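# An overview of the molecular structure
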Number of protein chains: 4
Amino acid sequence: MLNVGIIGGSGYTGVELARILCNHPEVKITVATSRQFAGQPLASVFPNLKGRLDLVYENSSLEQLCEKADFFFAAVPHKTAMDIVPDLLSAGKKVVDLSADFRFQDISTYEEWYQAHSSPQLLDEAVYGLPEIYRDSIVKSNLVANPGCYPTSIVLGLAPLLKAGAIDHHTIIADSKSGTSGAGRTASVGTLFCEVQDGFKPYKVGRKHRHTPEIEQELSSLAGENVVISFTPHLLPISRGILSTVYATLNPDFNQSIIFELYKEMYSTHPFVRLLGDEVFPATQYVRGSNFCDISFIIDTVTNRIIIMSAIDNIVKGASGQAVQNMNLMCGYEETTGLETVPFFP
Amino acid sequence: MLNVGIIGGSGYTGVELARILCNHPEVKITVATSRQFAGQPLASVFPNLKGRLDLVYENSSLEQLCEKADFFFAAVPHKTAMDIVPDLLSAGKKVVDLSADFRFQDISTYEEWYQAHSSPQLLDEAVYGLPEIYRDSIVKSNLVANPGCYPTSIVLGLAPLLKAGAIDHHTIIADSKSGTSGAGRTASVGTLFCEVQDGFKPYKVGRKHRHTPEIEQELSSLAGENVVISFTPHLLPISRGILSTVYATLNPDFNQSIIFELYKEMYSTHPFVRLLGDEVFPATQYVRGSNFCDISFIIDTVTNRIIIMSAIDNIVKGASGQAVQNMNLMCGYEETTGLETVPFFP
Amino acid sequence: MLNVGIIGGSGYTGVELARILCNHPEVKITVATSRQFAGQPLASVFPNLKGRLDLVYENSSLEQLCEKADFFFAAVPHKTAMDIVPDLLSAGKKVVDLSADFRFQDISTYEEWYQAHSSPQLLDEAVYGLPEIYRDSIVKSNLVANPGCYPTSIVLGLAPLLKAGAIDHHTIIADSKSGTSGAGRTASVGTLFCEVQDGFKPYKVGRKHRHTPEIEQELSSLAGENVVISFTPHLLPISRGILSTVYATLNPDFNQSIIFELYKEMYSTHPFVRLLGDEVFPATQYVRGSNFCDISFIIDTVTNRIIIMSAIDNIVKGASGQAVQNMNLMCGYEETTGLETVPFFP
Amino acid sequence: MLNVGIIGGSGYTGVELARILCNHPEVKITVATSRQFAGQPLASVFPNLKGRLDLVYENSSLEQLCEKADFFFAAVPHKTAMDIVPDLLSAGKKVVDLSADFRFQDISTYEEWYQAHSSPQLLDEAVYGLPEIYRDSIVKSNLVANPGCYPTSIVLGLAPLLKAGAIDHHTIIADSKSGTSGAGRTASVGTLFCEVQDGFKPYKVGRKHRHTPEIEQELSSLAGENVVISFTPHLLPISRGILSTVYATLNPDFNQSIIFELYKEMYSTHPFVRLLGDEVFPATQYVRGSNFCDISFIIDTVTNRIIIMSAIDNIVKGASGQAVQNMNLMCGYEETTGLETVPFFP
């Protein structure tokens, strides 16, 4: 039984980690931190956990944390993460960090989009935690930078195409739509029920969203060239789910069946990617609560464009589920352990 | 491994049975029937099941069914159920019937509210499948009549009070609110998205809803007297969940702490009832996707009324989850097997 | 053209006043105040107003306000209202106050449920702004206390019955369900989209909600006796709408047709109450955006109870629309002016 | 007072026409047809209309219709429309047809995407009813083909750019998201509440949606060249609203301020287009219930793309509101009459 700690356990990714880990047969949550709720049971802050998890939020020092667990999920905001993670690693712990702090290979990109980095020495060591691409490195790593939600949906959608040179990477446009849980559990007028319900809107249009450089880093790595894209996030009146609709111009000599083979080849050994058949499109309601990424594509021969659609649950495959998937790989468990839940419909 | 069949597998309770049973370590779904979708994979009708359940809907004869499975869930409409169930029992199968056909002890009540009964001989044999009340009988039964969703929420809320004579049963009013999945998956204008969303309404007000006699049967049995109540169902713009707010006048000599003890005494050995603390009220969003029934109550000393609130997921504890709970009891499995899922929030 | 000011114009009732008054042919909004948004156009805070209202929020002194308008809506929180209203009246202005500060005839009730009252001398002068009951007094008043949203729905539902002595007032139970806009536009975790959507819950159960004494004051006045009720509010995952389901035991000699006549008699001259026919029940989605209150009832002869259902849009008839209706009466306009909008469906 | 008839009055566009026309001071609805609901009051099928419209659905012959009204809205499905409209015109009536039957200049396009056309002689006469482009022709027309909802949002977003040659029209991608009312009021499993709520999905991806040729016809006309685009519709869990996010590569010599001038120039005399400022993006919740089309754009200098966003209420500006706007122009009323409603928020 692995003792596991959740640092920053009172946000939506924190409670989702708790939900998933409760179902995980190999681990035990021994500590969860929250400054705001220290002393309160997790199950009183999140009544869904009642009867399933008997644990009280703590505001522990790092030493106390290290005594209580051997594996940590850092679910704190960026900046906070980079201050904690080095000490955890020094103490011999393994860490999955859900913030952006260790996602970038190029420190200048990080510092341009976020802030000064206090632990640059770890950037080389950290592995970008997208198991469908970096599984071998994740297995050997002590520090995994869990990907952003939008990047997960977009990179998984495009990876087989870029690796095979099937598309003109100058033409990539990713139009993404996310549920509101992506905005977190902080009180704000913009995410009040009455502001979001029965509505839909774009936000941070035009290279404003911090996931842009993260997506481009991964697409560039896949393409072997510098890739620049258009990425537009939108806010959906649902709690969970991201659907990305991605457009690109197809290169000559690639057609429906060749492309389908590329996807199959890349994802057949990856248990959480579900390739959908012809004329079947992903929908957020069919992946809700699960770690699946559903993908399909269609080729429009008139415009010579391929349209790729991918759907995930943003707080499972886009955050906490992927984090557990990474933990499984880092700790030698079956990749799917604790994540076999069937999505939830209706 | 128990081979299990789902008869009528293409409604919301059918797909929910499939979802839950996929997670059940002791059983295997070997057959699921649907006239409409015969020949199609369940996972193409319900894409959430893709990659988790590799089964095709059949339109099988009873003989074929009996060859394929030893335990059956009948998730067909009432009337259809009573025509199938006798033959399954004759063939030595165990059955949980999700329809109303075997819920009534008094055939005249059934026939008044539904229609003529073709298998009245089975009414004595059938056990009403509310494990928190009838566990011992369920364990020994081959035919369990799975309760209705509203009755489950209301009867569990009132049972300790009626057994102890704590309330004046002439004063019971149950104001219930249900998610739209309770209306099933049949195309109809009244349950279109645009008719339900952003709205709320009562329906079948004034002893019109067929769950009324079912609720009264169970309350009468608990009270040892004929109980007649007011029950008002309402339609919520959510998919899953029932919340019942129940009012009754308190009898003398009962107070907050005595009542709390009554609930504790009755439910402490029942894993799916969660008693909430003082000033903590149930909410459908904290039981979603789980087999829990959350209950709390408050006593208003000014009006001398007790207000009991109970929340369930109408297609889990109110239907398919309770059906699996009954199967577990009938087959000697741990009562919670396959039902340990933590509810889903947000 | 009447110059009208909105004090506290940046909440949901404030923007709704602006929306309604934009359509009102007899008035012009000349000033709207907001400390938080002073200097910003209303249309930038509420983009729905763009192109319809060219006004900037101010943080004006009372003197400045008095120079700009002759009629005021106070849409500030209670306590703040009672500090402003006396000066407005002294300056010869007419006021509709949307807070609770002037709703109570008995100052001790107000002070028990709210706080010390700084302008008790005005309580006698203020008229409770429910035009279906107090129209004659409203017409002559300079200070109208606009009713609470729950009280509006419940009092209108019960008024004909209590006036006629048709029910046993000891048995009244009001089970009410409200959209989330009733919680206002203040940032808070409890009303975030992800906390409310796809869920339903009771709150302030058991004489905790401040609308309880307000409802009881009005019911007592109608009954001519002290009335005490059970009132349970619930939170709906919709933006607008209240539906109240009200139960009471019928007195002898009252039946369906007599009761229907009572309602018709009371409401036939009131343009915003719509009596629905037999077996037709109100729904929030059919009054959305309008000043209507839809009412119907059903008599259950088995339990001898009457069940009254009433639906309003909580920020129109339950707040800003009723405020404009009161203004119309106070200023000699047709009662319906600016409020003829047809409800909005779907 | 103009007598107006609604042919096919029982769908969502029909009831919306009724809602809008109730507020229109110059017209009176004298007849509304429905085969299904003939003999029933509109207000019993759509209770929102109660007290505002006292009219009964009829199943009238064309002769009867012609006796009752002088202006008609045909809100019937395509194919049915083309069988009715010629007779209405012959009888000297003016018609706005909300179907696709008269939207195409090229009959072969219509017949390729729809079916054989029985009234090709009228295609020349019919005017495409987008007043922001064809106002002068609409004013003189007796037959206006009311545009589709998606085309309205996309064409208005792109018109100034294509007219000015500001974009490379080979690069146009329109990613559109629509509320569910666009699917109509026909009972179908796919638009049941439980299938749509809390979810999001694309549909008819890859030149499958019939609005594709309509959009391309209008864009081609604006560009003066044959324009072919990628258009992807998606289904939103809201009732009303379309948001289109449109991408194109900017031609040299066009920048932010030049482009803004193009929009201003084109739309300054059009009362229903609201140009939003820098960094302000449209949202469906700010146009709900109104005839506005909100537009903004952003230029991404890194990719050299312009991203245009436009939001409408699909059953107002995308259908019934635009139809009334066309009627106003055809009949010499002020263009905005009956359509001044302020959008509805929250």
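Each value, and the rule that gives it
- In this convention, every chain numbers its residues from 1, walking through the sequence in written order.
- Chain letters start at A and ligand numbers start at 1, both assigned in the order the entries are written.
- It should be noted that, the model being predicted, local features are given only for residues of pLDDT at least 70 and side-chain atom pairs only at 80 or more, the latter also being counted only at that level, while totals for whole chains, interfaces and linings use all residues.
- Any two residues are considered in contact once their C-beta atoms, placed from the backbone, lie within 7 Å.
- Secondary structure counts use DSSP, requiring at least four H or I residues in a row for a helix and at least two E residues in a row for a strand, with both numbered from the N terminus.
- In the scheme used here, Gly and all other residues not listed as nonpolar or charged are polar, with Ala, Val, Leu, Ile, Met, Phe, Trp, Tyr, Cys and Pro taken as nonpolar and Asp, Glu, Lys and Arg as charged.
- The atoms used to superpose the copies are C-alpha atoms, taken from residues with pLDDT of at least 70 in both, and the fit is least squares.
- For helices, the fitted line uses only the C-alpha atoms of the stretch in contact; every axis is such a line through C-alpha atoms, and the angle between N-to-C directions lies from 0 to 180 degrees.
- For classification purposes, angles smaller than 35 degrees are called roughly parallel, those larger than 145 roughly antiparallel, those between 65 and 115 roughly perpendicular, and all remaining angles oblique.
- For every residue, the predictor reports its confidence as pLDDT, a number between 0 and 100.
- Strand pairing is assigned whenever DSSP identifies at least 2 bridges connecting the two strands.

### Here we look at the interface of chain B and chain C
Between chain B and chain C, the residue contacts involve 37 residues of the former and 37 residues of the latter. Of all the secondary-structure elements, those providing two or more residues to the side of chain B that touches chain C are strand E7 (167-178), helix H8 (193-196), strand E8 (201-202), strand E9 (230-235), strand E10 (242-250), strand E12 (293-300) and strand E13 (305-312) of chain B. Within the side of chain B that touches chain C, the residues separate by chemical class into 19 nonpolar, 10 polar and 8 charged.

### Concerning the relation of the copies chain A and chain B
If you rotate chain A by 180° and push it 0.0 Å along the axis, it lands on chain B with an RMSD of 0.0 Å. Both copies of the chain, as the preceding transformation shows, are related through a two-fold rotation axis. Taking C-alpha positions as the reference, the residue of chain A nearest the rotation axis is Asp198 of chain A, at 3.9 Å. Of all interface residues in chain A, 96% are interface residues in chain B too; the two copies therefore contact each other through one and the same surface.

### Looking at the environment of Arg288 of chain A
All names here are of chain A. Mapping Arg288 onto the fold places it in the loop between strand E11 (273-275) and strand E12 (293-300). Sequence separation of Arg288 and Val246 is 42 residues, and the distance between their C-alpha atoms is 21 Å. Dropping the residues within four chain positions of it, Arg288 is found in contact with Arg240, Gly241, Asp313, Pro343 and Phe344.

### What about the interface of chain A and chain B?
The interface of chain A with chain B comprises 25 residues on the first partner and 24 residues on the second. Across the side of chain A that touches chain B, the residue classes break down as 12 nonpolar, 7 polar and 6 charged.

### A word on the relation of the copies chain B and chain C
At an RMSD of 0.0 Å, chain B and chain C line up after a rotation of 180° and a shift of 0.0 Å along the axis. Comparing contact sets, 100% of the residues at the interface of chain B also lie at the interface in chain C, consistent with an isologous, same-surface contact.

### Describing the packing of helix H7 (residues 149-163) of chain C against helix H11 (residues 316-331) of chain C
Any two packed helices are characterised by how steeply their axes cross, that is the angle between the axes, and by the distance between the axes. Residues and elements named next belong to chain C. With their axes 8 Å apart at the nearest point, H7 and H11 run at an angle of 100° to one another. Taken together, the axes of H7 and H11 are roughly perpendicular relative to one another. Here H7 contributes Cys149, Thr152 and Ser153 to the contact with H11, which in turn contributes Lys317, Gly318, Ala319 and Gln322. Its residues placed into classes, the contact of H7 with H11 shows 2 nonpolar, 4 polar and 1 charged.

### Some points on the confidence of the model for chain A
Mean pLDDT over chain A stands at 97; residues scoring 70 or higher make up 100%. Taken over the whole predicted complex, pTM reads 0.97, whereas the ipTM for its chain interfaces reads 0.97.

### Considerations on the sheet that holds strand E1 (residues 2-7) of chain C
Residue and element names in this part refer to chain C. Taking strand neighbours across the sheet as the criterion, the 6 strands line up as E2-E1-E3-E4-E6-E5 in an open arrangement whose pairing is parallel. Edge positions in the sheet fall to strand E2 (27-32) and strand E5 (127-128), since each has one partner strand and no second. The sheet contacts of helix H1 (residues 12-22) involve E1, E2 and strand E3 (71-74), and relative to E2 the element is tilted by about 150°.

### Things to note about unusual backbone geometry
Residues Phe345 of chain C and Pro346 of chain C are joined by a peptide bond in cis, for which omega reads -5°. Mapped onto the elements, Pro346 of chain C comes out in the segment after H11. Of note, the phi angle at Asp198 of chain A is positive, near 55°, even though the residue is not glycine. A positive phi angle, close to 55°, is found at Arg207 of chain C, a residue other than glycine. Looking at the element boundaries, Arg207 of chain C is found in the loop between strand E8 (201-202) and helix H9 (211-223).

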